[in-house]
Amino acid sequence: MTKVGSAAAVGTLVIACTLLTSSAAFAKDPGGSQFDVSGSNETDSGQTLESRIVFRGSTGKTGAKETGQFKPVGDWTPPACWYEPKWTPAEFSKEFQKQWNIPHASGVGEAYALSKDYYVNGEPYKDFNKSETGKGLWWDAVRDKSREESGDPAAFSCDTKTFWVENGETPTVENAVTPKILADLAYSRIKVPDTEVTLAPANTTKVNLPTWAWLDRAKFQDVSVTASLDVGGVNLQATTTAKPIALKLEPGTSDAEVYPSSGECTFNDDGSIGEPYAKGKADRTPPCGIRYLRSSGDGSFKLRATITWEVSWTGTGGAGGDLPNGTFGTEQNVTVEEIQAVNR
């Protein structure tokens with residue numbers, strides 16, 4: 001059975017006391033703290049390892065160029081912490097002893113005694129549950145590394161002490177890993193192409209002259225990341241996919257008009273955006289573009305092009321659904337000159 005109950009109080013005390021020690025940076029106590037888990041996955045093969053979860057796909061490989069991480073529309077964020085299977089009884093015993101091999105600063109002795117009673121002396125577990133070896137695993141909290149390092153309070157909200165889960169059981173602890181949580185985590189690791197648009201005229205245009213803008217299909221295709229967890233009989237997976245659906249142009253000045261008037265250019269049936277400029281189209285209004293109404297003087301305007309991505313996911317057991325749209329944009333300089341009139 002899954003037992004968590006009063007463990008949270010014990011875990012909170014243990015963590016607080018551990019932080020008082022001089023080796024706090026290394027003594028990450030079992031129960032609501034981040035552990036570095038080693039593995040054989042190689043980052044240069046398109047895989048990254050964080051905890052026991054492996055991410056594959058459009059995660060931005062080492063040396064990749066022109067990629068960025070998009071942001072959710074609205075205030076939705078992926079989980080900053082979650083729980084996942086960590087150790088067999090023997091592994092937990094070893095980890096516990098290693099993490100408690102610290103100087104006994106004020107208060108640490110009491111916390112250690114409470115944890116030892118809880119995991120070793122039968123209140124409620126005896127000898128790290130070694131008699132149940134092969135029948136389950138110890139689960140613990142994991143924090144999103146970047147959000148932990150930034151001091152995000154949400155990363156420290158998983159404070160339930162390390163708990164036991166029998167094989168085949170689903171823990172009832174909030175934020176225990178599920179296909180949906182894997183999908184959410186995959187969302188935050190998707191990297192998408194930069195959104196530098198092709199312009200005509202390129203880089204330098206004229207006041208009141210329509211500037212055509214477009215993006216080729218070859219650069220903007222669906223991207224996805226798969227998150228998987230396969231540990232001790234727990235086998236879960238989810239794939240999160242982002243599909244580009246619109247381009248928004250922001251001229252960098254209020255003295256400009258955009259085409260269409262909403263500033264959002266939708267994708268064509270072939271997956272491209274806008275229409276390339278060609279000879280003979282000078283008198284036409286571009287389906288996607290800008291008309292600047294004044295010059296940029298000695299400088300330039302910063303044109304911002306932002307792609308909106310529609311996001312969905314599928315996972316183990318036929319689970320799936322939609323996630324919030326994401327956006328990612330970049331800026332490029334556009335110089336706007338006055339049209340020079342010739343007086344005769």
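The coordinates are above.
Below or above, wherever it landed, is the structure these notes cover. (Residues numbered from 1 in each chain as written. Predicted model: local features only at pLDDT ≥ 70, side-chain atom pairs only at ≥ 80, totals over all residues. Heavy atoms only, no water.)

### Observations concerning the overall build of the protein
When its secondary structure is counted, the protein shows five helices and 19 strands. The 344 residues of the protein split such that 46% are buried. Look at the contacts in the protein between residues 6 or more apart in sequence, and 75% of them connect residues 24 or more apart. In the form shown here, the protein has an accessible surface area of approximately 17,300 Å², with 48% of it arising from carbon and sulfur atoms. (Helix = DSSP H or I, 4+ residues; strand = E, 2+ residues; numbered from the N terminus. Buried < 20%, exposed > 50% of the residue type's maximum accessible area, 1.4 Å probe, protein only. Contact = heavy atoms within 4.5 Å. Areas by Shrake-Rupley, 256 points an atom, 1.4 Å probe, with all protein chains shown as cover.)

### Some remarks on the pairing of strand E11 (residues 211–215)
The side chains of a regular strand alternate, first on one face of the sheet and then on the other. With five of its five residues buried, E11 lies for the most part within the structure. Direction of pairing for E11 relative to strand E17 (residues 289–292): antiparallel, over a ladder of two bridges. Within the sheet, the bridge partner assigned to Trp212 lies in E17 and is Gly289. (Pairing = 2+ DSSP bridges.)

### Quick look at the nonpolar core
Ranked by internal contacts, the top residues of the largest apolar core, which has 60 residues, are Phe70, Trp139, Val197, Leu247 and Leu249. Setting aside residues no more than four positions away along its own chain, Phe70 makes contact with Tyr187, Ile190, Val192, Ala242, Trp309, Val311, Gly326, Thr327 and Phe328. (Core = buried A, V, L, I, M, F, W, Y, C linked by side-chain atoms within 4.5 Å.)

### Some words on the pattern of salt bridges
Counted according to the given criterion, the structure contains 11 salt bridges. For Arg189, the salt bridge goes to Asp144, with nearest N and O atoms at 3.2 Å. A residue pair is termed long-range when its members are at least 10 positions apart, and Arg189 in the loop between helix H5 (179–187) and strand E8 (191–193) and Asp144 in the loop between strand E6 (136–143) and helix H4 (145–149) qualify at 45 residues. Take Arg189: its relative accessible area is 9%, and that puts it in the buried class. The class for Asp144 is buried, based on a relative accessible area of 7%. The salt bridge involving Asp184 is made with Lys180; its shortest N-O contact spans 3.0 Å. Pair noted here: Asp184 and Lys180 are both in helix H5, with a separation of four residues, about one helical turn. Lys180 sits in the partly exposed class, given a relative accessible area of 33%. Through salt bridges that share partners, Glu275, Lys281 and Arg284 make up one connected network. (Salt bridge = Lys/Arg side-chain N within 4 Å of Asp/Glu carboxyl O.)

### Describing unusual backbone geometry
Leave glycine aside and you will find that most residues have negative phi; peptide bonds, for their part, are mostly trans. Omega for the peptide link from Glu123 to Pro124 comes to 10°, which places this bond in the cis form. Summarising the element assignment, Pro124 is placed in the loop between helix H3 (108–119) and E6. Following Ala200, the chain continues to Pro201 via a peptide bond in cis, the omega torsion being 0°. Mapped onto the elements of the fold, Pro201 is located in the loop between strand E9 (198–200) and strand E10 (204–206). For Asn129, which is not a glycine, the phi torsion comes out positive at approximately 65°. Of the residues examined, Asn129 reaches a relative accessible area of 11% and is grouped as buried.

### Some remarks on the packing of aromatic side chains
Under the counting rule described, the total for this entry stands at 21 aromatic pairs. Measuring from ring centre to ring centre gives 5.6 Å for Tyr118 and Tyr125, while their planes differ by 70°; the resulting arrangement is edge-to-face. Of the residues examined, Tyr125 reaches a relative accessible area of 2% and is grouped as buried. Members of the aromatic cluster, each reached through a chain of ring pairs, are Trp87, Phe92, Phe96, Trp100, Tyr112, Tyr118, Tyr119, Tyr125, Phe128, Trp138 and Trp164. (Phe/Tyr/Trp six-rings, centres within 6.5 Å; stacked < 30°, edge-to-face > 60°.)

### Some points on the pairing of strand E12 (residues 223–231)
Counting buried residues in E12 gives seven out of nine residues, a clear majority hidden from the surface. Bridge count for strand E2 (residues 53–57) against E12 is four bridges, and the pairing is antiparallel. Note on E12: the bridge partner recorded for Gly57 is Val225. Counted between consecutive antiparallel strands, the loop separating E12 from strand E13 (residues 234–250) contains two residues, among which Gly232 sits at a positive phi close to 50°.

### Re H3
Compared with an ideal rise of 1.5 Å per residue, which puts 12 residues at 16 Å, H3 spans 16 Å between its outermost C-alpha atoms and is within 8% of the ideal. Those residues of H3 not exposed but buried are Val108, Ala111, Ser115, Tyr118 and Tyr119. Here the buried residues of H3 occupy an arc of 90° about the axis, which is enough to place them on one side. (Expected span 1.5 Å × (residues − 1). Arc of directions from axis to C-beta.)

### Considerations on the sheet that holds E6
The strands making up a sheet associate through hydrogen bonds between their backbones, and the pairing can be parallel or antiparallel. On the basis of which strands lie adjacent, the open sheet formed by three strands has the order E5-E6-E7 and antiparallel pairing. Both edges of this open sheet fall to strand E5 (81–87) and strand E7 (163–166), since each of them pairs with a single strand only. The mean angle between the axes of side-by-side strands here comes to 45°, regardless of whether they run parallel or antiparallel. Sheet analysis places E6 next to E7, joined by four bridges and oriented antiparallel. From the neighbouring strand, Leu137 faces E7, where its bridge partner is Val165. Where helix H2 (residues 89–99) meets the sheet, its contacts fall on E5, E6 and E7, and the angle it forms with E5 comes to roughly 110°. (Axes fitted to C-alpha atoms, helices over the stretch in contact; angles between N-to-C directions.)

These figures come from the coordinates and say nothing about function on their own.
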